[in-house]
Amino acid sequence: MSSALKKDHLRIASVNVNGLRAAYKNGMAAWLEPREVDILCLQEVRAPDAIVRQLLGEGWHILHAEAEAKGRAGVAIASREEPLDTRNGIGDDYFATAGRWVEADFRIADASGNPVQLTVASAYVHSGEVGTPKQVDKYRFLDAMSTRLPELTKHSDHSLVVGDLNVGHTELDIRNWKGNVKKAGFLPDERAYFDRFFGEEIGWRDVHRGLAGSVDGPYTWWSQRGQAFDNDTGWRIDYHLATPALASAAISAVVDRAASWDTRFSDHAPLVVDYRL
């Protein structure tokens, strides 16, 4: 990707916008315009395709999967250069119209100028709710991810899944983890999926955690209730999941946390990772 070569790295950002129209109304453009993002992955777009293209504006190649249920979900990948190929859906027909998974293949050049295929997926996992069909759907989607990640490894050894995955993997990922062990988002059964994603069975890497080390957070989502944002009582539920070859190329990960509660454009903060191939 030529823009990446000029910068000596590829910048990939992911953010749950909590409704793209609302995000732009609340200042998302002021964040995005100077950020020099090469590939932008969005979740909870919740807008018609024409509106998405109008808001993002010119200069982007946009892959957008709307949810059949209006005003719900929706994921997108916007890139500065045209993808080689795109796919909509995670492979389970049950989620075909759910607006929760899109993939794009890109050809980029490494530091030596050799072409590398990069595959990027933007994912929005269900939030879930214990004892309801929402949780059943969440587990089914995580099952589909467990199938798809090894397939992506075979497809390209530089594969990346980013997005709002709605699970805090470890105690470091939720400020108030003790109060959430029986709630969706931190259930042992949910966390076990991430053990497999990052374990020997599937072998992917948690890029953000790998760069941040064993520290609390850095969190990417804060409840709208109370003083959660001001007190940094957050959850780290937005991820870059990468194959080992790609994870080893990650040089920095930053959560673009707003300066104050009233300057946020979403209840999630963007997770921005730079890769030097």
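Our subject is the structure that appears above.
Throughout, residues of each chain are indexed from 1 in the direction in which the sequence is written. Given that this is a predicted model, residues contribute local features only at a pLDDT of at least 70 and side-chain atom pairs are listed and counted only at 80 or more, while totals for whole chains, interfaces and linings are drawn from all residues. Hydrogen atoms and water are omitted, and side-chain values are computed over all heavy atoms in the structure.

So, the overall build of the protein chain
A count of helical and extended segments in the protein chain gives eight helices and 14 strands. Taking 19 Å as the expected radius of gyration for a compact globule of 277 residues, we find that the protein chain reaches 17 Å, a close match to that expectation. For the protein chain, the spread of C-alpha atoms along the principal axes amounts to about 50 × 45 × 40 Å. By residue count, 55% of the 277 residues in the protein chain fall in the buried class. Here the contacts in the protein chain between residues at least 6 apart in sequence split such that 69% fall between residues at least 24 apart. To measure how exposed things are, a 1.4 Å probe is used in the Shrake-Rupley method; for residues, cover is taken only from the protein chains shown. A total of about 12300 Å² of accessible surface is found on the protein chain, and carbon and sulfur atoms cover 48% of it. Counting rule applied: Lys, Arg positive; Asp, Glu negative; His and chain ends not counted. All charge positions are set by atom: Lys at NZ, Arg at CZ, Asp at CG, Glu at CD. One finds the centroid of the 32 positive side-chain charges in the protein chain at a distance of 4 Å from the centroid of its 39 negative side-chain charges. Strands are runs of DSSP state E lasting at least two residues, helices are runs of H or I lasting at least four, and both sets are numbered from the N terminus onward. Only C-alpha atoms enter the radius of gyration; for comparison, a globular chain is expected to reach 2.2 Å times N to the power 0.38, where N is the number of residues. Whether a residue is buried, partly exposed or exposed follows from its accessible area with a 1.4 Å probe, protein chains only, as a fraction of its type maximum: under 20%, in between, or over 50%, in that order. Whether two residues are in contact is decided by their heavy atoms: any pair within 4.5 Å suffices.

Thoughts on unusual backbone geometry
The residue after Gly 217, namely Pro 218, is reached through a cis peptide bond having omega -10 degrees. As for its position among the elements, Pro 218 is in the loop between helix 7 (207-212) and strand 10 (221-222). The residue Glu 36 is not glycine, and still its phi comes out positive at about 55 degrees. Mapping Glu 36 onto the fold places it in the loop between helix 3 (28-32) and strand 2 (39-43).

Here we look at the packing of aromatic side chains
Two aromatic rings are characterised by how far apart their centres lie and by the angle between their planes. Classification of ring pairs rests on two measures: the distance between centres of Phe, Tyr or Trp rings, Trp counted by its six-membered ring, which must be within 6.5 Å, and the angle between planes, read as stacked under 30 degrees, edge-to-face over 60 and tilted in between. Evaluation of the coordinates by the stated rule reveals 10 aromatic pairs. Look at Phe 95 and Phe 141: their rings are 5.1 Å apart centre to centre, the planes differ by 75 degrees, and that puts the pair in the edge-to-face class. Pair noted here: Phe 95 is in the loop between strand 5 (85-88) and strand 6 (101-109) and Phe 141 is in helix 5 (residues 133-155), with a separation of 46 residues, a long-range link. Residue Phe 95 is classed as buried on the basis of its relative accessible area of 5%. Judged by its relative accessible area of 0%, Phe 141 is buried. When the ring centre of Trp 60 is taken as origin, the NZ or CZ atom of Arg 80, which lies over that ring, is 3.6 Å away. A cation over an aromatic ring shows up here: Arg 191 above the ring of Phe 186, its NZ or CZ 4.0 Å from the ring centre. We call a charge positioned above a ring when the Lys NZ or Arg CZ atom is no farther than 6 Å from the ring centre and deviates by at most 35 degrees from the ring normal.

Quick notes on the sheet that holds strand 6
Strands sit in the order 5-6-7-8-12-9 across an open sheet of six strands; the sheet is mixed. Of all strands in the sheet, those bounded by a partner on one side alone are strand 5 and strand 9 (205-206). Strands were regarded as paired on the criterion that DSSP finds at least two bridges between them. Here strand 6 runs beside strand 7 (residues 115-124); their pairing, made up of nine bridges, is antiparallel. Across the sheet, the residue bridging to Val 102 is Ser 122, located in strand 7.

Considering the nonpolar core
One recurring pattern in soluble globular proteins: nonpolar side chains tend to sit buried together. In terms of nonpolar packing, the biggest core is built from 34 residues, with Ile 39, Ile 77, Leu 118, Val 120, Leu 160 and Tyr 275 touching the most fellow members. With near-sequence residues (within four places) excluded, Tyr 275 lies in contact with His 9, Leu 10, Ile 12, Leu 160, Val 207, His 240, Leu 246, Ala 249, Ala 250 and Ile 251. Phe 95, Leu 142, Ala 144 and Phe 198 belong to the second largest nonpolar core, which has 24 residues in total. In plain words, nonpolar cores are sets of buried Ala, Val, Leu, Ile, Met, Phe, Trp, Tyr and Cys residues tied together by side-chain atoms within 4.5 Å.

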